[in-house]
Amino acid sequence: MCERQGNYTDWQGNYTDRDLVYFAKGGDGQAFGELVRRHHRFCVGLAARILRDRGDAEDETQNAYWSAFQHLNQFQGEAEFSAWLARIVVNHCLMLLRARRRARFLHLDATIPGSSRRRLDLPSWRLDPEGEAGNRQLREVLEQEIRRIPSLLREVVLLRDVQELPIGEVATRLGISVSAAKSRLLRARVELRQRILRHCGRSGRASLTMRVSPQWERLRAC
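About the criteria used
- Residues numbered from 1 in each chain as written.
- Predicted model: local features only at pLDDT ≥ 70, side-chain atom pairs only at ≥ 80, totals over all residues.
- Heavy atoms only, no water.
- Buried < 20%, exposed > 50% of the residue type's maximum accessible area, 1.4 Å probe, protein only.
- Helix = DSSP H or I, 4+ residues; strand = E, 2+ residues; numbered from the N terminus.
- Contact = heavy atoms within 4.5 Å.
- Salt bridge = Lys/Arg side-chain N within 4 Å of Asp/Glu carboxyl O.

Colleague: Sorry, what's going on with unusual backbone geometry here?
Modeller: The phi angle of most residues is negative, glycine excepted, and most peptide bonds adopt the trans form. One non-glycine residue with positive phi stands out, namely Arg52, at about 60°. According to the relative accessible area criterion, Arg52 is exposed, its value standing at 72%. Phi angles above zero are rare outside glycine, and Glu164 is one such case at about 60°. Of the residues examined, Glu164 reaches a relative accessible area of 49% and is grouped as partly exposed.

Colleague: Explain the side chain of His39 to me, please; I cannot follow it from the model alone.
Modeller: Structurally, the position occupied by His39 is in helix 2 (residues 29-51). With a relative accessible area of 13%, His39 lands in the buried category. Aside from chain neighbours lying at most four places away, what touches His39 is Asp17, Tyr65, Phe81, Ser82 and Leu85.

Colleague: Looking at this model, I keep getting lost on the pattern of salt bridges. Mind explaining?
Modeller: Pairing between side chains of opposite charge can happen when their charged atoms approach one another. Taken as a whole and judged by the stated rule, the model has ten salt bridges. Between Arg100 and Asp56 there is a salt bridge; the shortest N-O distance is 2.5 Å. With Arg100 in helix 4 (residues 81-102) and Asp56 in helix 3 (residues 54-70), this residue pair connects regions lying 44 residues apart in the sequence. Here Glu191 and Arg195 are joined by a salt bridge, their closest N and O atoms 2.8 Å apart. With Glu191 and Arg195 both in helix 8 (residues 178-197), this residue pair falls four residues apart, about one helical turn. Like Arg195, Glu191 is buried.

This is the structure we're talking about:
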């Protein structure tokens, strides 16, 4: 395994996939970002052949990248990284197809089949006091860490996750391609996640995310 030299951050063509996996396992988000860049076209094409929809393929590919990053330590190098990543992409696509087959529409004011009750009662969406406190804590941590990440990553997070602009408009504003914007957004979310977990202490991520936190879910799903 080669060693990374100094602060050299241009990964393109200088390291093998195995080198990049090694650095990524050590917490280097840029190394994982380069792995994503190298295999993005193949992964999206694979997902598109399964889902028959380019937009869905892009979404599930991003979800697969996040799963791959979360479980990177499970990659032992017995196969090529591209093959390992492809299996994750396929699994995500198949899970989406299975979920769609199970989906059924139900009018909220309709009688529930097989039940004597005439209406479907939904639980309140409002957070309890504990949940509200957790949301405030997480929001404060997020705002603090967003200000601290490099400006290159901060811009894409502010546009996509704070202003909630479509990824196409984010790319236009930054003057980059959509795929580059998605790759940069993934790197930014990985960086933020690593920073947020440092705040969790001994109680783990639950200390910031117990019972709440759509912000955390957004960081988990690219």
